[in-house]
Amino acid sequence: MADQYAHSGDNKRPTGMPALRWEEPPEGPVLVLLDQTRLPAEEVELVCTDAPALVEAIRSLAVRGAPLLGVAGAYGVALAAVRGYDVDDAAAALESARPTAVNLAVGVRRAHSAYRAVVDGGGDPRRAAGAALAAARQLHQEDAEASARMAVHGLALLDELMPGGGHRILTHCNTGSLVSGGEGTAFAVALAAHRAGRLRRLWVDETRPLLQGARLTAYEAARSGMAYTLLTDNAAGSLFAAGEVDAVLVGADRIAADGSVANKVGSYPLAVLARYHHVPFIVVAPVTTVDPSTPDGASIEVEQRPGHEVTEITAPQVPVAGAEAGGGIPVAPLGTTAYNPAFDVTPPELVTAVVTEEGVVSPVTTEALAALCARSRQVTIS
Ligand SMILES: CSC[C@@H](O)[C@@H](O)C(=O)COP(=O)(O)O
């Protein structure tokens, strides 16, 4: 079940509200999410008391973005465990809530394994629930730390590629503190450049159809005080042609073993544009987004979203009564079908570098990614 906490609708006020937090009120533990479908108009929190509510929040994109999906999934398993629900069922439902971001499965499995290790060893369910919660908290903390380290590596790479500073960076979708326990992935690098006085402008793709760029990245950019400009996705070509882009920075939902990168639909065309215009295309993602068990781009399952997200304009926080399927304003003739993949896949040869918390991979090869994963596992184990 999910309840709502409403906050002031003043969208000029820096919120400071975390994208997600665990709370333990007297009625029982809950997972509190900042409902991203309502931003930037209002800050409303969704309070999840069970895994089905969290599954629904994940599907509706109230909580979204690869790293945060992992953290949310882990807390979802803990929630089922501490509230005495069937943990195996909850884990299965959470893991399959969205297919593309591998971090979701990684987070769910981590908390689930911690739970199962205690139960299978004959431990009592309360101790097992404590283990699942500890695993979720640890993942949350690790994600924040990874974010900070990606920002350091990413800024160093920008400075190496463009020693003069004054970076004009184009980004797509939303990759800031709304997707992370820290300051995010690609956006965290732009933020680091801004704080170092080396960001001239952040170009923000609006990111049709659900406008994660316009609604969320512009919101985070405004809060940070950086110079930013919003553009429609199809204006990017003219921006490159005008020589206004020094680098593209995006996140990732899954990086296959061969270096193919699944990210928000519209990333691949940017990579093609970047290559044509000799601009670096840089992917920023934690090591948990690299999935050695997915061999190549063709093996990545790309989520298909409902057509009404395309055939209607929906300001998600303002439902329009009486409109067709999605509750938005129709912009296409009734009955129009739509192609609406949530992600696309960029082949490794178009990716200049992958920036992770463990360092930068460039060129992006199967061998270099495998070495990165091996190094990361050693760091985690030691
Ligand atoms: C650090 S976030 C990387 C990706 O998760 C992000 O770019 C993205 O594509 C998010 O898609 P969304 O559908 O909003 O969850």
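Residues numbered from 1 in each chain as written. Predicted model: local features only at pLDDT ≥ 70, side-chain atom pairs only at ≥ 80, totals over all residues. Heavy atoms only, no water.

Quick look at the site of the ligand now. The local shell around the ligand holds 17 residues, among which Arg64, Ala66, Arg98, Asn263 and Lys264 are the closest. Taking 410 Å² as the accessible area of the ligand by itself, protein coverage stands at 100%. Given that more than half its atoms are within 2 Å of the pocket grid, the ligand belongs to the largest cavity. Elements with a contribution of two residues or more to the shell around the ligand: α2 (66-82) and β10 (261-264). Residue classes in the shell around the ligand are distributed as six nonpolar, seven polar and four charged. (Near = heavy atom within 4 Å. Areas by Shrake-Rupley, 256 points an atom, 1.4 Å probe, with all protein chains shown as cover. 1 Å grid on protein atoms, 1.4 Å probe; cavity = no way out; pocket = protein on both sides within 12 Å on 5 of 7 lines; lining within 4 Å. Sits in = over half its atoms within 2 Å of the grid points. Helix = DSSP H or I, 4+ residues; strand = E, 2+ residues; numbered from the N terminus. Nonpolar A, V, L, I, M, F, W, Y, C, P; charged D, E, K, R; others polar.)

The next subject is the packing of aromatic side chains. This structure, assessed with the given rule, holds one aromatic pair. With a centroid separation of 5.7 Å and an interplanar angle of 20°, the aromatic rings of tryptophan 22 and tyrosine 75 are classed as stacked. Of this pair, tryptophan 22 sits in strand β2 (residues 20-23) while tyrosine 75 sits in helix α2, and the two are 53 residues apart along the sequence. Each member of the pair, tryptophan 22 as well as tyrosine 75, carries the same accessibility label: buried. (Phe/Tyr/Trp six-rings, centres within 6.5 Å; stacked < 30°, edge-to-face > 60°. Buried < 20%, exposed > 50% of the residue type's maximum accessible area, 1.4 Å probe, protein only.)

In this section: the pattern of salt bridges. Applying the stated rule across the entire model yields 16 salt bridges. Glutamate 358 is paired through a salt bridge with arginine 149; the nearest N and O atoms lie 3.4 Å apart. Within this pair, whereas glutamate 358 is found in the loop between β16 (353-356) and β17 (359-361), its partner arginine 149 is found in helix α5 (residues 125-161), the two being separated by 209 residues in sequence. Look at glutamate 358 and you get buried, because its relative accessible area is 17%. For arginine 305, the salt bridge identified is with glutamate 303, shortest N-O distance 2.9 Å. Overall, arginine 305 belongs to the buried group, its relative accessible area being 15%. (Salt bridge = Lys/Arg side-chain N within 4 Å of Asp/Glu carboxyl O.)

So, about the nonpolar core. One finds Leu31, Leu33 and Leu54 to be the most contacted residues of the largest nonpolar core, which totals 44 residues. For this core, the secondary structure elements donating two or more residues are β2, β3 (30-34), β4 (44-48), α1 (51-59), α2, α3 (87-95), α4 (102-120) and α5. Among the elements that take part in this core, α2 stands out by supplying twelve residues, more than any other. Once residues within four sequence positions are removed from consideration, leucine 31 is found in contact with Leu20, Arg21, Trp22, Leu46, Val47, Cys48, Leu54, Ala72, Tyr75 and Leu79. Counting residues in hydrophobic clusters, the runner-up holds 29 residues, among them Val245, Leu270, Val279 and Val351. (Core = buried A, V, L, I, M, F, W, Y, C linked by side-chain atoms within 4.5 Å. Contact = heavy atoms within 4.5 Å.)

The four strands are arranged β12-β9-β10-β15 in an open sheet whose pairing can be described as mixed. Each edge of the open sheet is held by one strand with a lone partner, namely β12 (290-291) and β15 (343-346). Judged from the four bridges that link them, β10 and β15 form a sheet pairing that is antiparallel. Bridge pairing in β15 links valine 261 to threonine 346. With respect to the sheet, helix α9 (residues 267-276) is in contact with β10 and β15, its orientation differing from that of β15 by roughly 35°. (Pairing = 2+ DSSP bridges. Axes fitted to C-alpha atoms, helices over the stretch in contact; angles between N-to-C directions.)

What follows concerns the layout of surface pockets. Empty space among the atoms becomes apparent when a probe as large as a water molecule is rolled across them. Counted as a void, the largest pocket has a volume near 940 Å³. Together, 37 residues line the largest pocket, and Val106, Arg110, Val287, Thr288 and Ser376 are the ones closest to its centre. Of all elements in the fold, only α2, α4, α5, β12 and α11 (366-381) reach the threshold of two or more residues within the lining of the largest pocket. Looking at the lining of the largest pocket element by element, the count peaks at eight residues for α4. A per-class count over the lining of the largest pocket returns 16 nonpolar, eight polar and 13 charged. (Points joined across faces, edges and corners; volume = space filled by probe spheres on them.)

Quick look at the environment of alanine 196 now. Inspection of the secondary structure assignment puts alanine 196 in the loop between α6 (186-195) and β6 (199-205). Sequence separation between alanine 196 and leucine 155 is 41 residues, and the spatial gap between their C-alpha atoms is 9.0 Å.

Attention shifts here to the pairing of β6. Within β6, five of the seven residues are buried, which leaves it mostly tucked inside the rest of the structure. Inspection of the sheet shows strand β5 (residues 167-171) paired to β6 by five bridges, in the parallel sense. Paired with threonine 171 across the two strands is valine 204, which belongs to β6. One crossover worth recording links β5 to the parallel β6 by way of α6, and it is right-handed. The pairing of β6 with strand β7 (residues 228-231) spans four bridges and is parallel. Counted as the bridge partner of leucine 202 is tyrosine 228 from β7. With helix α7 (residues 212-224) bridging β6 and its parallel neighbour β7, the resulting β-α-β unit is right-handed. (Right-handed = clockwise from strand over helix to strand, strands pointing away.)

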